[in-house]
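Breakdown of the fold
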Amino acid sequence: MRIFYISPSSMPSKAANLVHVLNQVEGFSQNGYQIELFFRRNILFHKDLIKKTTKQYGINSKGIKYSSIFSPFNLGISLIITLRSFPIFFFKRKNLIISRNLYAAYFWGVLFNKRIIYETHTVEKGLRGLIQLKVIKHKKIKTLVITKALKLLLIKKFNLFLDNIFVIPDAAKSGLEIIKKDKKNQLLKILNLKEKFNY
């Protein structure tokens, strides 16, 4: 199976969401999936980007196809990336599209009725909120969130009674140390934070 991952991210970048996206696509690749990542690059030459990705993020790029579009501007990036993903139209329907890009999720899921996994970390407002509602309610779109709290917020805001919102914790590389509850609370105390972890 080929997985098309459509991100709203720019690369290279130090943003946490980009690191999360790269960890995801690397994980898919290492588990035998063909993966194509759509994103915006902010350096002119594509070949320089691949070198930077491997060096800066420690990502094994073998098996990952990077499909980027260059733009030095931030305005309209999600829409531009959506247009860059148009070659998906020519692939068979059995392939999977994962989109963290709201406009791409609407374009491919709602308008083209393709099977989509829409990943979101936020409750959108205004026009984006209306688009997000259309996406979440669509029968062929499954929505992923990283916390149960976010799922409940989406259900409350949009008055949803749906079972197509799933909670999957944020992606992280394997082999990371799991911090125990006592140590978490100790770190919170050092940082002068009051909230306590009960898990």
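Coordinates for the structure precede this section.
Here goes a summary of the coordinates provided. (Residues numbered from 1 in each chain as written. Predicted model: local features only at pLDDT ≥ 70, side-chain atom pairs only at ≥ 80, totals over all residues. Heavy atoms only, no water.)

Structural notes on unusual backbone geometry
Filter applied, for reference: Secondary structure is summarised from DSSP: a helix means a run of H or I of at least four residues, a strand means a run of E of at least two, and numbering begins at the N terminus for each.
Of note, Asn113 is a non-glycine position whose phi angle comes to about 60 degrees, a positive value. At Asn159, a residue that is not glycine, the phi angle is positive and equals roughly 55 degrees. Considering the arrangement of structural elements, one finds Asn159 in the loop between α6 (148-158) and β7 (165-167).

With respect to the sheet that holds β7
Backbone hydrogen bonds are what pair the strands of a sheet, in a parallel or an antiparallel way. What counts here: Two strands are said to pair when DSSP picks up at least two bridges between them. Think of each axis as a best-fit line through the C-alpha atoms, taken over the contacting stretch in the case of a helix, with angles from 0 to 180 degrees between the N-to-C directions. Any two residues whose heavy atoms approach within 4.5 Å are treated as being in contact.
An order of β3-β2-β1-β4-β5-β6-β7 is seen for the seven strands of this open sheet, with the pairing classed as parallel. Each having just a single partner strand, β3 (64-70) and β7 make up the two edges of the open sheet. Put simply, the sheet's adjacent strands are angled 20 degrees from each other on average, direction ignored. Its contacts with the sheet place helix α2 (residues 46-57) against β1 (2-11), β2 (34-41) and β3, and it is angled at close to 120 degrees to β3. Across the sheet, helix α3 (residues 77-84) is in contact with β1, β2 and β3; its angle to β1 comes to roughly 150 degrees.

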